[in-house]
Amino acid sequence: MPNPVSVQSINPKVLKCEYAVRGEIVILAQRLQEELKAKPGSLPFDEILYCNIGNPQSLGQLPITFFREVLALCDHPAILDKAEAQGLFSADSIKRAWQILDQIPGRATGAYSHSQGIKGLRDTIAAGIEARDGFPANPNDLFLTDGASPAVHMMMQLLIGSEKDGLLCPIPQYPLYSASIALHGGSLVPYYLDEETGWGLEVSELKKQLKEARSKGITVKALVVINPGNPTGQVLAEENQRAIVEFCKQEGLVLLADEVYQENVYVPEKKFHSFKKVARSMGYGDNDLCLVSFQSVSKGYHGECGKRGGYMEVTGFSPEVREQIYKLASVNLCSNISGQILASLVMSPPKVGDESYESYSAEKDGILKSLARRAKTLEDAFKSLEGITCNKAEGAMYLFPRIKLPEKAIKTAEAAKTAPDLFYCRRLLNATGVVVVPGSGFGQVPGTWHFRCTILPQEDKIPAIVSRLTAFHKSFMDEYRN
Amino acid sequence: MAPKGLDYEHLNENVKKVQYAVRGELYLRASELQKEGKKIIFTNVGNPHALGQKPLTFPRQVVALCQAPFLLDDPNVGLMFPADAIARAKHYLSLTSGGLGAYSDSRGIPGVRKEVAEFLLRRDGYPSDPELIFLTDGASKGVMQILNTIIRGPNDGILVPVPQYPLYSAAISLFGGTLVPYYLEETANWGLDVNDLRNAVSQAQFKGITVRAMVIINPGNPTGQCLSEANLSEILRFCYQEGLVLLGDEVYQQNIYQDERPFISSKKVLMDMGPPYSKEVQLVSFHTVSKGYWGECGQRGGYFEMTNIPPKSVDEIYKVASIALSPNVPAQIFMGLMVNPLKPGDVSYEQFIRESKGILESLRKRARIMTDGFNSCRNVVCNFTEGAMYSFPQIRLPPKAIEAAKSAGKVPDVFYCLKLLEATGISTVPGSGFGQKEGVFHLRTTILPAEEDMPAIMESFKKFNDGFMKQYEDTRGYSRM
């Protein structure tokens, strides 16, 4: 009897795609964690430290109080009528909850909404985009989604008809892009970020890769840019962004701008500029450029990963294409309402003069300053290790150090049929309990090795991480040094 | 200037093929009319809270506390929240790895999956493995994940009931597979005949299609029928013989409005059949927090349970789930609360039971009111809504009406439904959106409008329908099955 859902007979695109952020190393870490629970003291460390994933609240970061007040009130509006609510919730969170509930038909947060998201919330987000950029945003261009990732998938679905359809992606990249391209049966056209120049993005490299792809018969549809970068952390300079916009316009490429880390910038000499703002300030409008910008509630200072909130702003496309995007969104009916509400709060937080502004501001600054400190501490720690260089994390939530592995280590890894960086990361995990993701999960120039480590463990855990890492690295190099 | 990446001509053809009538032409027209100030009664989608059904109190209390854990530290929290809600909030927070704001395990919080497994054991009498239960952002996402795993290309066929909930046809189009229809028999209460299934498979094979899976929706959508145990055994035996994976959409399992055929899960029937079936037939079962008496559509909470799926395939499904990182955590808590309900003696138990019973009893009444209401209309025949949330009356359109539709460039049932909308504000979904036999027309409406509004709605419908029939009838007679 035939066996329909066996590995031999499932969709080969599923087999092909990979996602290292929750891959092999993490599965091993979970097993070790269970071992620690069952037999405490059986391993050379007392806890697993998950530095593999941008999941701030799992490592102790607290949510923004105002946001949670509003969400709780929207989840259970019956509280709003109670006198006790005044004592438990800030006045402006109560006010905001009423305002939001009035934008929801019947105040029903348990109902499916419009497939693009509740109109009133989209209005708020559009206003937030305009306040950020100085250029207007149309609420009808917004699609609220369960996180930014489903929005990326929607665009992939739209753009990819076959493996002849290609998307230019940065190497290294956040592997959602490589995985979703594989899953949808397209081709990833890599463009290399330059490690020597702080992970610079050169238009000359874009042109070169585009030309090569086209010569192979690939129709390149879009350019993916992650700004601030993941895993690389660089924040693009405005003139760089202008050159990228110009390139997309000239070549008729859709610009897919992953801007989920827009609030995570740690260096005074750089600022986040949205690609929409850059394009509009160049005088380019809907007739000039197809631009899709992604934002999320998971990152920034709010770090609300578990809520699954986000949106894409889609500009510059025809009504027929609009209809198709809407149609795709409608098959899933709508994204979760609580996440929609949160997205509107993120794009329109308390303002100066609001009752909650001071505490909100203190919480936000506290988190961002702490992230900046941790980024620096870990960068310095990595740089101090033999054979390791590390670019600064200008933004985002990661460090991506490069490790010059000794020949002996590389050969040992290859003999074990393991990628050398995975070999290193596994040894690191087994010795220290620290979970990082091998660079091969993100892509890297062949023959170079990296790993991605988040800057998210709480500040008081950082010294222990640094000392464990340092000790492990020294002993690893002692073992394998040429 | 070079062609642009998002030009219509260059879009993925599969996307263009997708149809989803539930939010299609009728809904868009209804929304337009609503903007112009017309009162619209949206009965196009199973969205209870949008039509006035209140959320159950207890789960909202628990999730609100989980959203704002600082409340739990406040000495006055007991004034606003009952003790059992407070305890449950603490329980679910302890199961998370950082509260509602952290990505959970990509399959869902292990503690909640354990609660789902315990629910399944109580419901069916057979143990369930939490490792084979994946929580998803709504059942739809789970359906799409599984179909995407199965469909390799256009030669892979999926058996789908006609009429069906168009998520299935849309997903199959999107993933480039082939829908292999099996027709439900309206005169036999929307029953299915295994011989029809066999014929459908042979015909598909003749066309070079390999049928890989079979979808059943039980209770049915839009048709509402509840499958009997005998029917389910037949289906499972058929899947065993043909090597098909059975996809059991059971999202309406709480919505049962007759007592002859209570809900029985595909899993229970499969296990009852014993070996070889119970050990070999591959089954994926889907459930949700959106339907039942919970109606929490906006939370996007669901799960699927895999039975007899090889471990390597489970790994691949897990891998794809991990790309999306995790399902939303608040909905996972709703799911936990749904499968792990209050017990007698709990402070909030009485209120919970009262609210739940109230909703179910009212739905049962409304199912009857609507069926009877439709059957009292000229040229309308309606099977009783045994379960789910919809009524799917057959509208016997006179030839003149069909001609008028053609002249207007509309499919006949779309024509009828648009006229119904313009005249009464009732927004339905034409039967063509779900599939039906050639020349037979239906519309789908929900049974969700408030009980007190029902008589007026049915009267309004009857007035429109009987007027329409009078207008278009002639002595030639009219279309019938």
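What you see is a predicted model, and the numbers here were worked out from it, not measured in a lab. (Residues numbered from 1 in each chain as written. Chains lettered and ligands numbered in written order. Predicted model: local features only at pLDDT ≥ 70, side-chain atom pairs only at ≥ 80, totals over all residues. Heavy atoms only, no water.)

A.B. asks: Where do I start with the pattern of salt bridges in this structure?
C.D. replies: Side chains bearing opposite charge may pair, as long as their charged atoms lie close to each other. Counted according to the given criterion, the structure contains 49 salt bridges over all chains. For D123 of chain A, the salt bridge goes to K119 of chain A, with nearest N and O atoms at 3.0 Å. Remark: K119 of chain A and D123 of chain A occur in helix 6 (residues 119-133); sequence separation between them is four residues, near one turn of the helix. Taking the relative accessible area as the measure of exposure, K119 of chain A reaches 41% and is therefore partly exposed. K16 of chain B is the partner of E13 of chain B in a salt bridge, and the nearest nitrogen-oxygen pair spans 3.1 Å. Linking E13 of chain B with K16 of chain B, this pair stays in helix 1 (residues 13-17), spanning three residues, or about one helical turn. Accessibility expressed as a relative area gives 45% for E13 of chain B, which makes it partly exposed. (Salt bridge = Lys/Arg side-chain N within 4 Å of Asp/Glu carboxyl O. Helix = DSSP H or I, 4+ residues; strand = E, 2+ residues; numbered from the N terminus. Buried < 20%, exposed > 50% of the residue type's maximum accessible area, 1.4 Å probe, protein only.)

A.B. asks: Would you mind going over the sheet that holds strand 10 (residues 398-399) of chain A with me for this structure?
C.D. replies: One key point about sheets: their strands pair by backbone hydrogen bonds, in either a parallel or an antiparallel sense. All names here are of chain A. Strand order in the open sheet formed by three strands is 10-14-13, and the pairing between neighbours is antiparallel. Sheet topology places strand 10 and strand 13 (437-438) at the edges, where each strand pairs with a single neighbour. Both strand 13 and strand 14 (residues 451-454) contribute to a ladder of two bridges, which runs antiparallel. Residue pairing across strands places P438 opposite F451, the latter belonging to strand 14. (Pairing = 2+ DSSP bridges.)

A.B. asks: Would you explain the UniProt feature "domain: Aminotransferase class I/classII large" (unreviewed entry) in chain A in this entry?
C.D. replies: Here the UniProt feature "domain: Aminotransferase class I/classII large" (unreviewed entry) sits at residues 106-461 of chain A. For residues 106-461 of chain A, the helix share is 40%, the strand share is 16%, and the end-to-end C-alpha distance is 47 Å. (UniProt positions renumbered as here; feature names shortened; annotations may be inferred.)

A.B. asks: Teacher, can you tell me more about the packing of aromatic side chains here?
C.D. replies: Two aromatic rings, taken as a pair, are described by how far apart their centres are and by the angle between their planes. Under the criterion given, the structure shown has 33 aromatic pairs over all chains. Between Y424 of chain A and F472 of chain A, the aromatic rings sit 5.4 Å apart at their centres with planes inclined by 65°, giving edge-to-face as the arrangement. Of this pair, Y424 of chain A sits in helix 16 (residues 420-432) while F472 of chain A sits in helix 17 (residues 462-480), and the two are 48 residues apart along the sequence. With a centroid separation of 4.9 Å and an interplanar angle of 90°, the aromatic rings of F374 of chain B and F461 of chain B are classed as edge-to-face. Of this pair, F374 of chain B sits in helix 15 (residues 349-375) while F461 of chain B sits in helix 18 (residues 454-472), and the two are 87 residues apart along the sequence. Accessibility expressed as a relative area gives 3% for F374 of chain B, which makes it buried. We classify F461 of chain B as buried; its relative accessible area is 3%. Following the ring pairs from residue to residue traces out a cluster consisting of F382, F423, Y424, F451, F472, F476 and Y480 of chain A. The ring of Y8 of chain B has K16 of chain B sitting right over it, with the charged end atom 4.5 Å from the ring centre. (Phe/Tyr/Trp six-rings, centres within 6.5 Å; stacked < 30°, edge-to-face > 60°. Lys NZ or Arg CZ within 6 Å of the ring centre and 35° of its normal.)

A.B. asks: Help me understand the domain arrangement of chain B in this model?
C.D. replies: Many descriptions give the size of an interface as the accessible area lost when the pieces come together. Residues and elements named next belong to chain B. The assigned domain composition of chain B is domain 1 (8-52 + 353-472) and domain 2 (94-339). The C-alpha centroid of domain 2 is placed 26 Å from the C-alpha centroid of domain 1. Listed per partner, the contact involves 37 residues of domain 1 and 40 residues of domain 2. Summed over both partners, the interface of domain 1 with domain 2 comes to about 3100 Å²; 54% of that surface belongs to carbon and sulfur atoms. (Domains from an automatic or database assignment. Contact = heavy atoms within 4.5 Å. Buried area = accessible area lost by both parts, 1.4 Å probe.)

A.B. asks: For this particular structure, what's the right way to read the interface of chain A and chain B?
C.D. replies: The interface is formed by 93 residues belonging to chain A together with 94 residues belonging to chain B. Both sides together, the interface formed by chain A and chain B hides about 7600 Å², and carbon and sulfur atoms give 59% of it. At the surface where chain A touches chain B, the tally comes to one salt bridge. With a closest N to O distance of 3.4 Å, K141 of chain B and D146 of chain A form a salt bridge. Seen at the junction of chain A and chain B, the total is 36 residue pairs in polar contact (both at pLDDT 80 or more). Where the side of chain A that touches chain B is concerned, the elements lending two or more residues are helix 1 (12-16), helix 3 (65-75), helix 4 (84-88), helix 7 (148-159), helix 8 (176-183), helix 10 (238-251), helix 12 (319-331) and helix 13 (337-346) of chain A. In terms of residue count, the dominant contributor to the side of chain A that touches chain B is helix 12 of chain A (eight residues). Classifying every residue of the side of chain A that touches chain B by side-chain character gives 42 nonpolar, 32 polar and 19 charged. (Polar contact = N/O pair within 3.5 Å; in protein donor to acceptor, adjacent residues only side chain to side chain. Nonpolar A, V, L, I, M, F, W, Y, C, P; charged D, E, K, R; others polar.)

A.B. asks: What is the right way to look at the nonpolar core in this model?
C.D. replies: Note on soluble globular proteins: their nonpolar side chains tend to be buried together. L223 of chain A together with M214 of chain B are the most contacted members of the largest nonpolar core, which has 333 residues in total. The residues contacting L223 of chain A, other than those within four sequence positions of it, are L168, Y191, L206, I244, F247, C248, L253, V254, L255 and L256 of chain A. (Core = buried A, V, L, I, M, F, W, Y, C linked by side-chain atoms within 4.5 Å.)

A.B. asks: Help me out: how do you make sense of the environment of A64 of chain B in this one?
C.D. replies: Position of A64 of chain B relative to the elements: it lies in helix 3 (residues 57-67). A64 of chain B gets classed as buried once you look at its relative accessible area, which sits at 0%.

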